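# Results of the structural survey
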Amino acid sequence: MNHYLLNILVALALFTFVALFTTFGVYAERKVSAFIQDRLGPMETGKYGSLQVFADMLKMLQKELITPLAADKILFALAPIIIFVAVYLGFAALPWAPGLIPASINVGIFYILAVLSIETVGILMAGWGSNNKYALLGAMRSVAQIVSYEIPAGFAIISVIMISQSLDLQEISKQQGILSAENVKFLGFIPVKEVGGILAWNIFRAPHLIVAFVIYFIASLAESNRAPFDIPEAESELVAGFHTEYTGIRFALVFLAEYSMMFLVSMVGVILFLGAWNTPLPNIGAVKLADWTTGNIWGIGWIFLKSLLLIGLQMWVRWTLPRFRVDQLMDLCWKVLTPLAFLCMLISGIWRLWLM
Amino acid sequence: MFNNIINGIKSAGKGFNLTLKHFLAAKNSREVVGIQSDNYFKQQEGNVTIQYPHQKLPIPEVGRYQLFVEMDDCIVCDLCAKICPVNCIEIESIKSTEAIGQTSDGTTKRLYAAKFDINMAKCLYCGLCTTVCPTECITMTNQYDKSVQDLDLLTYRFSPMSEAEAEEKRLALEKQQAEKLAAKQAAAQKK
C-alpha cells in the first residue's frame, strides 16, 4: 500500500515541478526576449510582472473549450493530453542526485527516447483532428522534423552510450565524477577519478563528445519545436501550427508540454554530456572541493543549475537566429548532422577499444 | 566547404554577440526626458520602453495637439470652418442687434456664436484653422492625452451660449429686422 502511495506522491511532485517550471519558463522567456529587444516585458501584474503567468493561467482556465464543428472530436480532445503525458512520462527516468531517481530503469535513456516519440503521434492527432489546413500543415512539418532529427540526436546519444557502456542514466551519471566505479580518464589519458569535477564530465573524457553534444543540442531544439526550428508553428505562415484551434486549458496543456520538453531535453543533455548531478569543482590537493560538493542536495542543485543554463542558451538561440526554411532544415539534418553523428559514433568505438 | 562552415559559425557568433550585448544592456533604462533635453538623442543603450500611464515624456509648452478656442476673442468669422480640410468645425452664427464688445486686439464683435463645435475625432491636426484666424483665438494646445468613453465627447463645444439664450438673440434679431423693415416701408410710403 505504502509503495503505491509513494509512487503517486513522486508523480505529483514531478507534476508540480513541471507546472512550476513552466510558469517560471514562460516568465523568463518573455523577459529574456524583451531584454534582447530593448523592451521591458511584462511589468504590470505584480512586482516586475512576476504574477503575469499566473494571471494568464487563470484566464486560460476560465476560457470556453471550443471544439470546431468539423473536427474529429475524439482525436481533438485526446491530442493535448497525449502530447503532455508523453513528455511528462519522460521525467520518470531522470536521475536528480546520487540517491534520487523517480524510477530506476536499466534502459533509462532508451525508455526516454521511446516515450518522447509518442509526442509525435499526439501532434499529428492534434493537426489532423483540428480539420484545419494550417493545423494539418503544421503537424506534418512537426512530425517530419521530429522524426528526422531523432536520428542525429539518437546517434549522438549512442556515441555517449558506447563510451559509458550502459543505458542506465544513473550509471552514466555516476561515471562522470568521483563516485565512479571504474577509472575515469581526462581526454583518455590522464586518470582523474580522484580529482573529479569538470574534468571527469563526458565531454572531457572523450573530446569528440563535444561535437556530439552540439549535435544533440541542435537536434533537441528541433525536437522541442523551438526557433530556429519552429516551422511547425511558424506564426507568419501557419497562424500557430498544430495548436491553432485549441483554446483554454487544452492550449495550456500544449504549452506546458513545450516547456517541460525544453527542460527534459536540457536535463538529458546535462546527464549525458555535462556530468549530470556531479559538481564542476575538482579536488585540488588538500582542497577537496569535489568531495565537499557532492551529495543529494548538492546534486539536485547542480543538475538544476546546469539544466537552467542550457535552457537559457535555448532562449538565447531562439531570440537570435531567424527561422530555417523547410529545405534548409532537412538539409542540415540529413547532410550535416547525421554524417557528423555517425562520425562521432565511429570515434566513440575506436576510443572505447583503444583508450579506455 | 570548410570556408562555408567557418563563415557560418562567424556570422552566427556575431548575431549571438549582438543579442547578448542588448541583453546585458537591459539593466540600463532610458531616462524619461523630453526633446528639449540635450541628452535626448544620446541615450543609445538600454531598454527604450516608457511605461506610459506611469511615466510621461515631457512635451513642449508650445505643443500643437488639441484645438482650443478662446471665445472672448472670437468674432465668428467662420474662416476656420471654411479652411478646414475635413470639415471638423461647425459654426452657427447669429447677427447681434448691436456691437457686442471688443476682442483683446481691438476688433469689434458683431456676431454671436450659437454653435462652435470642433469634432476632434475628425481633426487631422494640420493647424490651418489657427493660421487663418484673424484674431488668433483658435490655437493648438499641449494637451494630447484625451481618451473618452463616448465618441460624442470628442466633439468639443466651445459656444458659451445656451439654447435658450441663442433663441432669445434670434428673436431679438428678427424683431429688429422687422422694425427695420417696417421703418423702411414707412419711409417708402412717406415718399
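Residues numbered from 1 in each chain as written. Chains lettered and ligands numbered in written order. Predicted model: local features only at pLDDT ≥ 70, side-chain atom pairs only at ≥ 80, totals over all residues.

### Details of the overall build of chain A
Basically, it comes down to this: A helix here means a DSSP run of H or I that spans at least four residues, while a strand means a run of E at least two residues long, and both kinds are numbered starting from the N terminus. Using C-alpha atoms as the atom set, the radius of gyration is obtained and then compared with a globule rule of 2.2 Å times the number of residues to the power 0.38. Working definition of burial: number of other C-beta atoms within 10 Å of the residue's own, with buried at 20 or more, exposed at 12 or fewer, and partly exposed in between, all C-beta atoms being placed from the backbone. Distance between backbone-placed C-beta atoms decides contact: two residues are in contact if it is within 7 Å.
Secondary structure assignment for chain A yields 13 helices and two strands. For a compact globule of 356 residues, the expected C-alpha radius of gyration is about 21 Å, and chain A comes in at 21 Å, within 12% of that figure. Here chain A holds 356 residues, and the buried ones make up 47% of them. Considering only contacts within chain A whose residues lie at least 6 apart along the sequence, 76% involve residues at least 24 apart.

### Looking at the overall build of chain B
Broken down by element type, chain B carries four helices and seven strands. Secondary structure elements of chain B occur, N-terminal to C-terminal, as α-β-α-β-β-β-β-α-β-β-α. Taking 16 Å as the expected radius of gyration for a compact globule of 191 residues, we find that chain B reaches 29 Å, considerably beyond that expectation. Judged by the C-alpha coordinates and their principal axes, chain B covers about 115 × 35 × 30 Å. Buried residues in chain B amount to 12% of all 191 residues.

### Here's the deal with the packing of helix H10 (residues 248–273) of chain A against helix H12 (residues 296–318) of chain A
All names here are of chain A. The test is simple: Every axis corresponds to a line fitted to the C-alpha atoms, with the helix fit spanning only the stretch in contact, and the corresponding angles, defined between N-to-C directions, vary from 0 to 180 degrees. These descriptions rest on fixed angle ranges, namely under 35 degrees for roughly parallel, over 145 for roughly antiparallel, 65 to 115 for roughly perpendicular, and the rest for oblique. Crossing handedness follows the turn of the near helix against the far one: under a right angle anticlockwise gives a left-handed crossing, and clockwise gives a right-handed one. Residue type decides the class: Asp, Glu, Lys and Arg count as charged, Ala, Val, Leu, Ile, Met, Phe, Trp, Tyr, Cys and Pro as nonpolar, and the leftover types, Gly among them, as polar.
Between H10 and H12, the least distance of the axes is 9 Å, while the angle of their chain directions is 120°. With respect to each other, H10 and H12 are oriented oblique. Here the hand of the crossing between H10 and H12 comes out right-handed. Contacts between H10 and H12 involve Met-262, Phe-263, Ser-266, Met-267, Gly-269 and Val-270 on the former and, on the latter, Ile-303, Lys-306, Ser-307, Leu-310, Ile-311 and Gln-314. Here the residues of the contact of H10 with H12 are counted per class, giving seven nonpolar, four polar and one charged.

### Digging into the sheet that holds strand S7 (residues 155–157) of chain B
Residue and element names in this part refer to chain B. Spelled out, the test is: At least two bridges found by DSSP between two strands is the condition for calling them paired.
The strand order S2-S5-S7 describes an open sheet built from three strands, whose pairing is antiparallel. Bordering the open sheet on either side are strand S2 (89–95) and S7, each of which pairs with just one other strand. Averaged over all neighbouring strand pairs, the angle between strand axes comes to 15°, with direction disregarded. Looking at chain direction, strand S5 (residues 111–119) and S7 are connected through three bridges and run antiparallel. Each residue of the ladder has a partner; that of Asn-119, found in S7, is Thr-155.

### Comments concerning the domain arrangement of chain B
What counts is decided by this rule: In this entry, domain limits derive from an automatic or database-based domain assignment.
When the domains of chain B are assigned, the result is domain 1 (1–58) and domain 2 (67–169). Between the C-alpha centres of domain 1 of chain B and domain 2 of chain B there is a distance of 46 Å.

### Overview of the environment of Leu-136 of chain A
In this fold, Leu-136 of chain A is placed in helix H5 (residues 133–164). When neighbours within four sequence positions are excluded, Leu-136 of chain A is seen to be in contact with Gly-127 and Trp-128 of chain A.

### Let's talk about the nonpolar core
How we decide: The term nonpolar core refers to a group of buried residues, namely Ala, Val, Leu, Ile, Met, Phe, Trp, Tyr and Cys, whose C-beta atoms join them within 7 Å.
Ranked by internal contacts, the top residues of the largest apolar core, which has 104 residues, are Ile-83, Ala-156, Ala-212, Tyr-216, Ala-219 and Ile-271 of chain A. Here this core takes 18 residues from H10 of chain A, the largest share from any one element. The contacts of Ala-219 of chain A, once residues within four sequence positions are left out, are Tyr-149, Pro-152, Ala-153, Ala-156 and Leu-337 of chain A. Counting residues in hydrophobic clusters, the runner-up holds 19 residues, among them Leu-67, Ile-75, Cys-88 and Tyr-112 of chain B.

### Considerations on the interface of chain B and chain A
Tallying the contact residues gives 11 residues for chain B and 11 residues for chain A. Classifying every residue of the side of chain B that touches chain A by side-chain character gives five nonpolar, six polar and no charged.

### Thoughts on helix H4 (residues 163–190) of chain B
Applied cut-off: Working rule for helices: expected span equals 1.5 Å times residues minus one.
If you check H4 of chain B, its first and last C-alpha atoms are 40 Å apart, about what 28 residues at 1.5 Å a residue would give, namely 40 Å. For H4 of chain B, a buried count of zero out of 28 residues is recorded, marking the element as mostly open to its surroundings.

### Let's talk about the pairing of S5 of chain B
Across seven bridges, the pairing between S2 of chain B and S5 of chain B is antiparallel. Along S5 of chain B, the bridge assignment pairs Lys-95 of chain B with Leu-111 of chain B.

### A word on the confidence of the model for chain B
Using the following cut-off: The predictor reports its confidence for every residue as pLDDT, a score running from 0 up to 100.
Here chain B averages 86 in pLDDT, while 100% of its residues score no lower than 70. Scoring of the predicted complex yields 0.79 for pTM and 0.74 for ipTM.

### Quick notes on the environment of Gln-36 of chain B
Counting through the fold element by element, Gln-36 of chain B comes out in the loop between helix H1 (2–25) and strand S1 (67–69). When the C-alpha atoms of Gln-36 of chain B and Tyr-125 of chain B are compared, they prove to be 22 Å apart, with 89 residues separating the residues in sequence.

### A closer look at unusual backbone geometry
One non-glycine residue, Asn-225 of chain A, lies in the positive phi region at around 55°. Tracing the chain through its elements places Asn-225 of chain A in the loop between helix H8 (208–223) and helix H9 (235–238). Judged by the 24 C-beta atoms lying within 10 Å of it, Asn-225 of chain A falls in the buried class. Despite not being glycine, Asp-78 of chain B shows a phi value in the positive range, around 75°. Along the chain, the position of Asp-78 of chain B falls in the loop between S1 and helix H2 (79–83).

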